[in-house]
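Overview (structure and organization)
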Amino acid sequence: MSNIAIEFENVGKMYRLGRVGTGTLSHDLNRWWTMNVLRKEDPYLRIGETNDRSKKGHSDYVWALRDISFKVEQGDVVGIIGKNGAGKSTLLKLLSRITSPSTGSIRYQGRIASLLEVGTGFHPEMTGRENIYMNGSIMGMTKAEITRKLDEIVDFAGVARYLDTPVKRYSSGMTVRLGFAVAAFLEPEILVVDEVLTVGDAEFQKKAIGKMKDVSQGGGRTVLFVSHNMAAVKTLCTRGVVLENGTLAFDGTTDEAVSYYLNNNFQLQQGLITDHIDELASHLTVDKIEINGTPYTDSTITCNQESLEVLFEGTTTEPFKANIQLKFFNQSDMPMATYSEGAYKGFVEDVPVGKFSLRRKIRLPKYISKGDYVLEFEVNQHRQNGVTRSLWAKRCANIHVDGSTDQFGHPLTARWEGFLGLESVG
């Protein structure tokens, strides 16, 4: 394999939905006889369907991955990109030998350290210190090697005070900090990291990405990185692989892969905004949604435009208190701004039974960067016992901005630091 660190060759993974095995004893015996006595292919592989979770299929057998073939050279940092359910985590679990492929083979050179979910490989009853030594031993390191790295691991994770406390008492953030530190500092030849870094705070995410850069560039080690954060993928990775419904859709440079993914997943087909409603309460009927003065998915914010108008018309069979929420995402799927005065001002509107019309005029920032943005539209229902979602259109409109500056608000992530908050006019 020379400089090839990882090679996937016609790899497939099939699952039966809802059951373990094939579902019946006779089917299990038939599978065993065919595969172990006759030495033939699993007969149930032939009836597996593509893993498109949005559509109802005709078979209980689903290919989580199918015919995946690509090579990763030593020192590459590869971003694995795709929607939820595309097969990204399954691919990493196969590489990490958590499960085995149904078809094909995976070959690799060197030790693999995996961080696929919070607490991967940790025993909850053991202390942080004991788990560090246990994980190092599993990776084939001597006690002296682990001891030499111990201070760096603890310092990076920031858990010195809790080092001799059982990890079951750690928060999810503390656990992922320690898990990442163990995986990164115990010198694996291959580092596999799933979306778990989103559990950490913004400071830790920055440190983790910096460490992964050091591991790949300084140590010549290989990194496979799964993330929905396209900005992080562009910053860290030298190459991108896009998965769609369990198949390999694209393999190329990071910029090319991100562009392919975004163009195929975040640009909506021309049509009505109402065609893109994902959730709707049973008491609501939607007649019209207009954003920026149009019911269609495509519109433009001009250079001198000061506000964005939102209109929601429909019928309700029960009264409710409505909060309209609008979110702006850039083409890297990073949240940029939000309008939700019900959340941060307590402004909600009483909607009586029957036909209604809700209007909002949202003040835009003085300077908006030129480019394309995707909008999310949501209506929340406020009750005494909490807030429920009445309507959700996850990706409902494309807006082109004829701006001239480099930034639209602040490129902050909603989870940690919040959006740029937009307010109503007047």
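A brief structural summary. These numbers were taken from a predicted model, which means no experiment stands behind them.

Calculation rules
Residues numbered from 1 in each chain as written. Predicted model: local features only at pLDDT ≥ 70, side-chain atom pairs only at ≥ 80, totals over all residues. Heavy atoms only, no water. Salt bridge = Lys/Arg side-chain N within 4 Å of Asp/Glu carboxyl O. Helix = DSSP H or I, 4+ residues; strand = E, 2+ residues; numbered from the N terminus. Buried < 20%, exposed > 50% of the residue type's maximum accessible area, 1.4 Å probe, protein only. Pairing = 2+ DSSP bridges. Axes fitted to C-alpha atoms, helices over the stretch in contact; angles between N-to-C directions. Contact = heavy atoms within 4.5 Å. Core = buried A, V, L, I, M, F, W, Y, C linked by side-chain atoms within 4.5 Å. Left-handed = near helix turned anticlockwise from the far one by under 90°. Nonpolar A, V, L, I, M, F, W, Y, C, P; charged D, E, K, R; others polar. Expected span 1.5 Å × (residues − 1). Arc of directions from axis to C-beta. Phe/Tyr/Trp six-rings, centres within 6.5 Å; stacked < 30°, edge-to-face > 60°. Lys NZ or Arg CZ within 6 Å of the ring centre and 35° of its normal.

Looking at the pattern of salt bridges
- One pass over the structure, following the stated rule, counts 18 salt bridges.
- A salt bridge links Asp76 to Arg239, with the nearest nitrogen and oxygen atoms 3.7 Å apart. Of this pair, Asp76 sits in the loop between strand S3 (61-73) and strand S4 (77-81) while Arg239 sits in strand S9 (residues 239-244), placing them 163 residues apart in sequence.
- With a relative accessible area of 15%, Arg239 lands in the buried category.
- Arg129 is the salt-bridge partner of Asp164, the closest N and O atoms lying 2.8 Å from each other.

Quick word on the sheet that holds strand S10 (residues 247-252)
- Sheet architecture is open: 6 strands sit in the order S6-S7-S8-S4-S9-S10, paired in mixed fashion. For this open sheet the edge positions go to strand S6 (112-115) and S10, each flanked by a neighbour on one side alone. Neighbour-to-neighbour, the strand axes of the sheet open up by a mean angle of 15°, direction not taken into account.
- Contacting S6 and strand S7 (190-193), helix H5 (residues 172-185) crosses the sheet at an angle of about 165° to S6.
- Across the sheet, helix H8 (residues 254-265) is in contact with S4, S9 and S10; its angle to S9 comes to roughly 25°.

Structural notes on the pairing of strand S8 (residues 222-226)
- Across the 5 residues that make up S8, a large majority, 5, are buried.
- Along S8, one buried face is formed by Thr222, Leu224 and Val226 and the opposite face, lined by Val223 and Phe225, is buried too.
- Where S7 and S8 come together, 4 bridges link them in parallel fashion. Within S8, the residue paired with Val193 across the bridge is Phe225.

Points about the nonpolar core
- In this structure, Ile132, Leu178, Phe180, Met212 and Phe225 are the most contacted members of the largest nonpolar core, which totals 48 residues.
- Residues Leu308, Met334, Cys396 and Leu422 belong to the second largest nonpolar core, which totals 34 residues.

Here we look at the packing of helix H4 (residues 143-157) against H5
- In the contact formed by H4 and H5, the axes pass within 8 Å of each other and the chain directions differ by 145°. In this structure, H4 crosses over H5, and the sense of that crossing is right-handed. Only Arg177, Leu178, Phe180, Ala181, Val182 and Phe185 of H5 make contact with H4, whose side of the interface consists of Lys149, Glu152, Ile153, Phe156 and Ala157.
- Residue classes in the contact of H4 with H5 are distributed as 8 nonpolar, no polar and 3 charged.

Regarding H8
- The terminal C-alpha atoms of H8, which comprises 12 residues, lie 16 Å apart, in line with the 16 Å expected from a rise of 1.5 Å per residue.
- Residues Thr254, Ala257, Val258, Tyr261, Leu262 and Asn265 constitute the buried set of H8. For H8, the angular spread of buried residues about the axis comes to 125°, placing them on one side.
- Where H8 is buried, its residues touch S4, helix H7 (230-236), S9 and S10.

So, helix H3 (residues 128-138)
- Residues of H3 that are buried: Gly128, Asn131, Ile132, Tyr133, Asn135 and Gly136.
- Buried residues in H3 make contact with H4 and H5.
- Positive backbone phi, approximately 90°, marks Gly140, located one or two places after H3.

Description of the packing of aromatic side chains
- As enumerated under the stated definition, the model contains 8 aromatic pairs in all.
- Taken together, Phe312, Phe320, Phe356 and Phe377 form an aromatic cluster joined through their ring pairs.
- The aromatic ring of Phe156 is capped on one face by Lys207, whose charged end is 4.7 Å from the ring centroid.
- One residue, Arg389, lies across the ring of Trp392, its end atom 4.0 Å from the ring centre.

Concerning the sheet that holds strand S14 (residues 307-316)
- One open sheet holds the 3 strands; their spatial order is S12-S14-S18, and the pairing between them is antiparallel. Since the sheet does not close on itself, it has two edges, and those belong to strand S12 (284-291) and strand S18 (354-363), each with one partner. Put simply, the sheet's adjacent strands are angled 15° from each other on average, direction ignored.
- Pairing analysis gives 10 bridges linking S14 to S18, with the strands arranged antiparallel.

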